[in-house]
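# Reading the structure
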Amino acid sequence: MSEKIFYITTPIYYVNSTPHIGHAYTQIAADARARFERMRGREVYFLTGTDENAEKVARVARELGREPQEFCDELSAAFRTVWDKLNISYDDYIRTTEERHRKVAAEIVAQLWNNGQLEVGSYAGWYSVSDETFFRTEETVERDGARYIANPTEDQSKLPLEWIEESTHYFKLSNYGEFLLDYYRDHPDVLGPESRRNETLSYIRSGLRDTSISRGLDWGIALPPVVPQGQGHVIYVWFEALMNYLSAPGYLSDDPKRRELFERCWPPDLQLMSKDIFTRFHATLWPAMLSAINVPLPRALFAHGFWTVNGRKMSKRDPETIIEPVAFAGHIAKLAGCDFETGVDALRYYSLREVTFGSDGDFSRVGCLNRYNSDLANGLGNLVNRALSMLHQYFEGVIPDVVGAQLGLLQSAEDAGPDIAEDFSTLNYSGALNRIWEVVALGNRVIEEQKPWARIKAGETNEVGMLLRELLGVCQWCSVTLAPIMPHAMNRLRSLIALPDAVTWNNAIAWNLLPAGHTCLPPQPLFPRIPKITEEIAMEIETNPDAAAPVAASQTAAPATEAPAAEPTAEKPNYIEYADFAKVQLRTARVLSAERVPKADKLLRLQVDLGTEQRQILAGLAQYWEPEALVGKTVVVVANLAPRQMRGFESQGMLLAASETADGPPGGLVTIDTDLPPGSVIR
Ligand code: ME8
Ligand code: MG
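For clarity, every value in this text was computed on a predicted model and none was experimentally measured.

Right, let's get into the sheet that holds strand 10 (residues 211-212). The strand order across the open sheet built from 4 strands is 5-4-8-10, with neighbouring strands paired in antiparallel fashion. Each end of this open sheet is capped by a strand with a single partner; those strands are strand 5 (133-135) and strand 10. Across 10 bridges, the pairing between strand 4 (residues 118-128) and strand 8 (residues 162-171) is antiparallel. Looking at the pairing, Gly 121 lines up with Thr 168 of strand 8.

Have a look at this one:
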């Protein structure tokens, strides 16, 4: 039997909206670990995917007038595209509407029934569709005639709960409290971080109740026929979603290859998620389920923290807080004048460097750009640039054959190696990065101290040669140790110093890879500096990517705020009467869906919710906005514009957008700054 495969999972995401930096964070963290393990020689099975059988997914689809399955196909593909763009090296992508999952989920439920783990009953209680979670009455409060979650965590819904009364089936979760407490006592390293472990233990100690596992809905996976009174019932989405970790690698599969994969990778080595879905679901229900079907429990479950954006909870009602990872990486690239994938690496770097993994963090666009400049451009980028420039200036790009005393740079890299490996293995990403940057900073400091430009003039070629060999060694070492976090930029770095592509962790300090006589490429900026960073620029790029281009193009461009105010024109202003303005009905609308209009490269076809009605609007935004980026946004529309035909579609209104000039690109969308329902009147 070959070595166990390192099995790492992320949550499978609901496809009721498109991914934001919160989702990307889990992916990036899991990816860094997967890449690290591969570099250490482990075979890895990295699983991610989408959760599609949720009631809320079907609701959103139907609100949009879409078939749920077709809607899921589209959004699941959109998630996948984002992960591909962010260089997430997943090995498998599970969708819970796939047959391989449906079949296994139904079989597990049948097994549970046959083992006496389920019973028929009825449920009367509160349900939060947005959390897809049942709440006991004592967990709720009444306000103004509606029921709410009593003490919602920051990520739980603040909307009214729904009363559900239906026949259902229960999983006898109450039987597992003692078992779980014993298990976690005997395996103290399974749950992390410590705060989540403690939260879970007290949740379990407070008493587990049997939990409803079926719903009378028509979207989802039908209960298997062996379960009595299962007609018209689907498996409760959480109960079935957790099973993706079993179905994807091939539990109960008919395919011997997949069964073998399952044998080789089970149990999961690391299951990552955020704290929202840790305690109740992954640390309680999931291991109880596994135990009920006699499958070994995961080796580690870890909850990272929650991101806010500029101190605010991410919410579609607050568009400034929704940072789309691909758009933002593109904006970084545009401002820095680097390629998109380097922008991605900057985002990956910032996410893992900014906060200790496991703690909450605040994502700030400006903070990310500043870190890019200080750590990547001025820190690592500068080091690489200086090393390669000097090698070319003084030694024609060829590593010189010199001997002499070392300056301690290689030694400091060698010393840091074990700590960094330990940090990666324990998810201490910020620790690993801090440690790596100590070596980078030391490299830059030694250059300042040694003043090689002066020494070369003084004829101390040998000493400068020794320094360069060490600096290039540090470049090599960084190109390996940082590869799990910035795979693209570190590939570039390796090609600049002409190292072999295949990179293993041990290459980091294999100093013979850069022997005397080895030729490196001339310097090319790895992380070009962003010329100017202000809150406005950081926000502007988010809403108006085109406006950012001139800033990146020229180091000397005057910031917009210093530009002289436009002189009032001498012409008589072309006033309109208030009565004329009052004829224009401006109302807010929520974008329900958006798609490109075939053969019209500027047009998007939007369905918007005007509160009292749904409208179709054609808008010339297609060159500046991805359709998905508009979904969920609250926009301003001219509601009483006469309908007109465009490209075979009727446009029932007009959407307001801003451009720098009257004929410029509509890069900025007009939105509103508070939480008002669609259809609100603008006066
Ligand atoms: O819960 N900060 O899916 P989901 C950090 N389908 N991470 C965040 C985040 C934020 N602000 N927002 C989201 C579900 N995440 C279920 C999971 S698994 C069997 C089923 C990340 O789309 C984080 O990983 O609501 C969190 O746990 C997950 O997205 C929730 O994704
Ligand atoms: Mg959620």
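Further notes follow.
So, about the site of ligand 1. Near ligand 1 you find 24 residues, and of these Ile 12, Thr 26, Asp 51, Asp 276 and Trp 307 are the closest. Gly 22 places a polar main-chain atom, nitrogen or oxygen, 3.3 Å from a nitrogen atom of ligand 1. Computed on the free molecule, ligand 1 has an accessible area of 680 Å², of which 94% lies beneath the protein chains in the complex. Element by element, the count of residues in the shell around ligand 1 is highest for strand 1 (residues 6-14), at 4 residues.

Turning to the pattern of salt bridges, a few remarks are in order. One pass over the structure, following the stated rule, counts 45 salt bridges. Close ionic contact of Glu 52 with Arg 95 constitutes a salt bridge, the shortest N to O distance being 2.6 Å. Pair noted here: Glu 52 is in the loop between strand 2 (44-51) and helix 2 (55-63) and Arg 95 is in strand 3 (residues 92-95), with a separation of 43 residues, a long-range link. On the accessibility criterion, Arg 95 (17% relative accessible area) is buried. Between Asp 182 and Arg 185 there is a salt bridge, with the nearest N and O atoms lying 3.3 Å from each other. Of this pair, Asp 182 and Arg 185 both sit in helix 5 (residues 177-186), separated by 3 residues, roughly a single helical turn.

On to the domain arrangement of the chain. Split into domains, the chain comes out as domain 1 (375-513) and domain 2 (559-682). Domain 1 and domain 2 are separated by 51 Å when their C-alpha centres are compared.

Bridge analysis of strand 6 (residues 140-143) against strand 7 (residues 146-149) gives 4 bridges, and the strand direction is antiparallel. Across the sheet, Thr 140 pairs through a bridge with Ile 149, a residue of strand 7. Hairpin connection between strand 6 and strand 7: a loop of 2 residues separates the two successive antiparallel strands, and Asp 144 in this loop has a positive phi of roughly 45°.

Right, let's get into the side chain of Thr 200. Structurally, the position occupied by Thr 200 is in helix 6 (residues 194-205). Those residues in contact with Thr 200 that lie beyond four places of it in its chain are Tyr 184, Leu 191, Phe 278, Thr 279, Ala 283 and Thr 284.

Attention now moves to the state of the cysteines. Considering all chains together, one arrives at 0 disulfides under this definition. Cysteine Cys 478 shares no disulfide, and the gap to the nearest cysteine sulfur, in Cys 475, comes to 6.8 Å. For Cys 478, a relative accessible area of 0% corresponds to the buried category.

Moving on to a negative patch on the surface. Taken together, the side chains of Glu 535, Glu 536, Glu 540 and Glu 660 make up a negatively charged region of the molecular surface. Among the structural elements, Glu 540 can be located in helix 19 (residues 535-543).

Counted residue by residue, strand 18 (residues 586-597) has 9 buried out of 12 residues, so it is predominantly covered. The sheet contact formed by strand 18 and strand 21 (residues 634-638) spans 5 bridges and is antiparallel. Within the sheet, the bridge partner assigned to Thr 588 lies in strand 21 and is Val 636. With 2 bridges connecting them, strand 18 and strand 27 (residues 681-682) associate as antiparallel partners. Residue pairing across strands places Leu 586 opposite Ile 682, the latter belonging to strand 27. Relative to strand 19 (residues 600-609), strand 18 is paired through 7 bridges, and the arrangement is antiparallel.

The rules behind the values
Residues numbered from 1 in each chain as written. Chains lettered and ligands numbered in written order. Predicted model: local features only at pLDDT ≥ 70, side-chain atom pairs only at ≥ 80, totals over all residues. Heavy atoms only, no water. Pairing = 2+ DSSP bridges. Helix = DSSP H or I, 4+ residues; strand = E, 2+ residues; numbered from the N terminus. Near = heavy atom within 4 Å. Polar contact = N/O pair within 3.5 Å; in protein donor to acceptor, adjacent residues only side chain to side chain. Areas by Shrake-Rupley, 256 points an atom, 1.4 Å probe, with all protein chains shown as cover. Salt bridge = Lys/Arg side-chain N within 4 Å of Asp/Glu carboxyl O. Buried < 20%, exposed > 50% of the residue type's maximum accessible area, 1.4 Å probe, protein only. Domains from an automatic or database assignment. Contact = heavy atoms within 4.5 Å. Disulfide = S-S within 2.5 Å. Patch = residues over 30% accessible without salt bridge, like charges linked within 9 Å, V, L, I, M, F, W, Y side chains within 5 Å. Lys, Arg positive; Asp, Glu negative; His and termini not counted. Charge placed at Lys NZ, Arg CZ, Asp CG, Glu CD.

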